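# Overview (structure and organization)
Residues per chain are reported as follows:
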Amino acid sequence: MHLKLYKILQNKYQSKDLGVFLSEVASQSLVNYILARKDSYYRNFRVKKKNGTYRYINEPLNQLFTIQKEFSHFFLINRANNYHSHGFELNKSIITNADKHTNKKIVLNIDLEDFFSNISTPRISKLLLDKFNVSELEAIKIANLLTYKNSLPQGSPSSPILSNLICEQLDDELDKYCKQFNITYTRYADDMSFSFNFNKLPIIQVKNIILIIEQNNFKINKKKYRYYYRNARQLVTGLVVNEKINVKREYYKRLRAILHNWSAKGLVYAQDKFIEKYGENKNFILTVEGWVNFLGQVKGNNNPQFLTIKSQLDKLLQESQFIKTFNFNNAKPINLLELKAILEIPTLNFNTIKDEQGSDTIFMKHWDRKRRVAIVLKKDLVTKLKVDMGLEIVVEETIRKGKEGEYLMILVREYNKQVVI
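Residues numbered from 1 in each chain as written. Predicted model: local features only at pLDDT ≥ 70, side-chain atom pairs only at ≥ 80, totals over all residues. Heavy atoms only, no water.

## Observations regarding the environment of Arg400
- Assignment of secondary structure puts Arg400 in strand β13 (residues 393-402).
- When the C-alpha atoms of Arg400 and Gln312 are compared, they prove to be 27 Å apart, with 88 residues separating the residues in sequence. (Helix = DSSP H or I, 4+ residues; strand = E, 2+ residues; numbered from the N terminus.)

Set out below in C-alpha cells:
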C-alpha cells in the first residue's frame, strides 16, 4: 500500500469501534444473506506452483470481496507496528526482511505448513474478542464473513493481515526467547528466518524455537527446513545475505538474456520465449520492467549493474513505443484514491470531451500527455466523486490510436453492486 493512501485511510478507519464499523460496511440483511449462501460468493480454482504441485485459491466475489477489503484496511490501520513481521506490512518487503540477516555465520529458514488453513474460524473469533471492542455475537459474525470452510481463504484480501494479527503472540514469544541468545528473527507471512553468530547450528535453541511454534498451533513444513553456513550461499526470502543483500546470480543472468533476445531478435521473439517459460498469465513488458526495478531496489539505483540493465530496457521501451498498462480487473471495484495511487497521478483535471461538431458530450477526460494516458468518465460520475472519493468504481483499459500515435484509454464507471436481498 502506498504511504499517501495509508494516511488517507487513517482518517476513515482509525479509532473506530469494530462493531460499528461492521454496520457501516454492510447492512444486517446483506450480512445474513451472504452467510446463508457463502459458497456462491467464492470462486474456487487452483494454480500450479514451481514444484509441480497446486495452490488452491478461494477468491471472494462481489459484495463479499468488498466487505473483506474494507476489513483488511480497518485491521491494517488499527494494529500496532510489528517489528518482526515484514509480509503485507506498510513500507516492508522481502528486502527489509532479508536485510536483518546479512553477514551472519548461520541462517535458518523455517516454513509454516498450510499457513492459512491452520487459522480456523474460532481462532479468528477469539482474536477479535481479545483485541477489539466487540460482543461475542459480533466477533463470530465477522469471523464467519472473513473465513471460508473454517479457515482463512487463500485469495481473500483480509487473510494476510488477519494472519499477521494471529501471529503477534508467536512473534512476541520468539522475540523474547531469541534475544536471550542474540538470535535475529523475522517473519515474512509463513516464511520464518533466524540467523546466528554461533560456529555451529545450536540444536537445543532450534528445538526450543520449533517447540514455541508448535505451542502456537502451527506446523513446520519439514520439506522447506533449510540452514546455511557462511561458506555457502545464504538465502532469506529468495535474496542472498552472505555480506549484504543481493539477488541470485541467476536472476541477473535471466534479465540479461531476456533483454538480449529482445534487442537481437525483436519484441515478438522475446515475448514468445517468455510465454514458453512463464505462461500467458504474465504481461511480458510489465513483468520485465518490474524485475528490473526490483534489481534497483535490492542493489541500489546507483549500482553499475542496475544502471546498465535499466539503460538497455529504457532504450528497448522507447524503440517499441510501449504504452504502459496496469492490468486492472474490471470485475473488482476500487475507489478514486486507489486509482490515483496506482496511476501515481496526484491530481486529476477533467475537461469536457467535444464531438466532431465541437459540441459538448456527456464525457470528461483527464489527459496525461507525457505518459499518454487518458482517463475518461461521465460528467455525472465526476460530480459524484467530488462528493464521495470512496465511491466504488471499476476500470477498463484499452490501447487506442490517436492523432499523435497510440495512447492508453482508461474508462471509469460506477460499480454496480447488484445487491439481491
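Picking up after the structure, the text goes on.
## Observations concerning the pattern of salt bridges
- Enumeration according to the criterion identifies 15 salt bridges in this entry.
- A salt bridge links Glu338 to Lys69, with the nearest nitrogen and oxygen atoms 3.2 Å apart. Linking Glu338 in helix α15 (residues 336-343) with Lys69 in helix α4 (residues 62-77), this pair joins segments that are 269 residues apart in sequence.
- The exposure class assigned to Lys69 is buried, which follows from its relative accessible area of 17%.
- Lys179 is the salt-bridge partner of Asp175, the closest N and O atoms lying 3.5 Å from each other. Separated by four residues within a single helix, Asp175 and Lys179 lie in helix α9 (residues 168-179), roughly one turn from each other. (Salt bridge = Lys/Arg side-chain N within 4 Å of Asp/Glu carboxyl O. Buried < 20%, exposed > 50% of the residue type's maximum accessible area, 1.4 Å probe, protein only.)

## Details of the packing of helix α2 (residues 18-25) against α4
- Close contact between α2 and α4 brings their axes to 11 Å; oriented N to C, the two are set at 150°. Our classification of the angle between α2 and α4 gives roughly antiparallel. Read as a crossing pair, α2 and α4 show a hand that is right-handed. Every residue of α4 that contacts α2 at Leu18, Phe21, Leu22 and Val25 is listed here: Ile67, Glu70, Phe71, Phe74 and Phe75.
- Partitioned by chemical class, the residues of the contact of α2 with α4 number eight nonpolar, no polar and one charged. (Axes fitted to C-alpha atoms, helices over the stretch in contact; angles between N-to-C directions. Parallel < 35°, antiparallel > 145°, perpendicular 65-115°, else oblique. Left-handed = near helix turned anticlockwise from the far one by under 90°. Contact = heavy atoms within 4.5 Å. Nonpolar A, V, L, I, M, F, W, Y, C, P; charged D, E, K, R; others polar.)

## Considering the packing of aromatic side chains
- In total, this model carries 21 aromatic pairs according to the counting rule given.
- Both rings, one in Phe88 and one in Tyr188, keep their centres 6.3 Å apart while their planes meet at 35°; by these two values the pair is tilted. With Phe88 in the loop between α4 and α5 (94-99) and Tyr188 in strand β4 (residues 184-188), the pair connects residues that are 100 residues apart, well separated along the chain.
- On the basis of relative accessibility, which here comes to 41%, the residue Phe88 falls in the partly exposed class.
- On the basis of relative accessible area, Tyr188 is assigned to the partly exposed category, the value being 23%.
- Within the aromatic cluster, the residues linked to one another by ring pairs are Phe21, Phe71, Phe74, Phe75 and Phe132.
- In this structure, Arg37 packs its charged tip against the face of Tyr33, placed 4.0 Å from the ring centre. (Phe/Tyr/Trp six-rings, centres within 6.5 Å; stacked < 30°, edge-to-face > 60°. Lys NZ or Arg CZ within 6 Å of the ring centre and 35° of its normal.)

## Structural notes on unusual backbone geometry
- Residue Asn150 is not a glycine yet carries a positive backbone phi of 65°.
- When you line up the elements, Asn150 lands in the loop between α7 (136-146) and α8 (159-166).
- Judged by its relative accessible area of 46%, Asn150 falls in the partly exposed class.
- Backbone geometry at Thr237 places phi at a positive 45°, although glycine is not the residue there.
- Structurally, the position occupied by Thr237 is in the loop between β8 (235-236) and β9 (239-240).

## Overview of the pairing of strand β3 (residues 106-113)
- Burial runs high along β3: seven of the eight residues are buried.
- Judged from the six bridges that link them, β3 and strand β5 (residues 191-196) form a sheet pairing that is antiparallel. In the strand pairing of β5, Ile106 is matched with Phe196.
- Of the strand pairs in this sheet, β3 and strand β7 (residues 226-229) are connected by four bridges, and their pairing is antiparallel. Directly across from Asn109, in β7, lies its bridge partner Arg226.
- The pairing of β3 with strand β6 (residues 219-220) spans two bridges and is classified as antiparallel. For Leu112, the partnering residue across the bridge sits in β6 and is Ile220. (Pairing = 2+ DSSP bridges.)

## So, helix α10 (residues 203-215)
- In a regular helix each residue adds 1.5 Å, so 13 residues correspond to 18 Å; α10 covers 18 Å between its end C-alpha atoms and thus fits that length.
- Buried within α10 are the following residues: Gln205, Val206, Ile209, Ile210, Ile212 and Ile213. For α10, the buried positions fall inside an angular range of 155° around the axis, keeping them on one side. The outward face of α10, more than 90 degrees from its buried face, is lined by the exposed residues Ile204, Lys207 and Gln215. (Expected span 1.5 Å × (residues − 1). Arc of directions from axis to C-beta.)

## Here's the deal with the side chain of Ser156
- Summarising the element assignment, Ser156 is placed in the loop between α7 and α8.
- Among the polar contacts made by the side chain of Ser156, one reaches the side chain of Ser158 at a distance of 3.0 Å.
- In this structure, Ser156 is in contact with Asn58, Pro60 and Gln68, ignoring residues within four places of it in sequence. (Polar contact = N/O pair within 3.5 Å; in protein donor to acceptor, adjacent residues only side chain to side chain.)

## Overview of the pairing of β4
- Sheet topology note: the β4/β5 ladder contains five bridges and is antiparallel. In the sheet register, Tyr185 faces β5, and the bridge partner there is Phe194.
- The antiparallel pairing of β4 with β5 creates a hairpin that spans two residues between the two strands, and Ala189 there sits at a positive phi of about 60°.

## Here's the deal with the nonpolar core
- Judged by nonpolar contacts, the single largest core of 58 residues is most densely connected at Leu18, Phe75, Phe194 and Ile213.
- Looking at this core element by element, the count peaks at seven residues for α4.
- Setting aside residues no more than four positions away along its own chain, Leu18 makes contact with Phe71, Phe74, Phe75, Leu128, Phe132, Asn133, Val134 and Ile142.
- Counting 32 residues, the second-largest nonpolar core is a separate cluster that includes Val240, Val292, Val298 and Phe306. (Core = buried A, V, L, I, M, F, W, Y, C linked by side-chain atoms within 4.5 Å.)

## Some thoughts on helix α13 (residues 284-299)
- Its 16 residues give α13 an end-to-end C-alpha distance of 23 Å, which sits within 8% of 22 Å, the value for a rise of 1.5 Å per residue.
- Among the 16 residues of α13, twelve are classified as buried, and the element is accordingly described as predominantly covered.
- Those residues of α13 that sit buried are Phe284, Ile285, Leu286, Thr287, Val288, Glu289, Trp291, Val292, Phe294, Leu295, Gly296 and Val298.

Everything listed is a geometric property; what it means functionally is a separate question.
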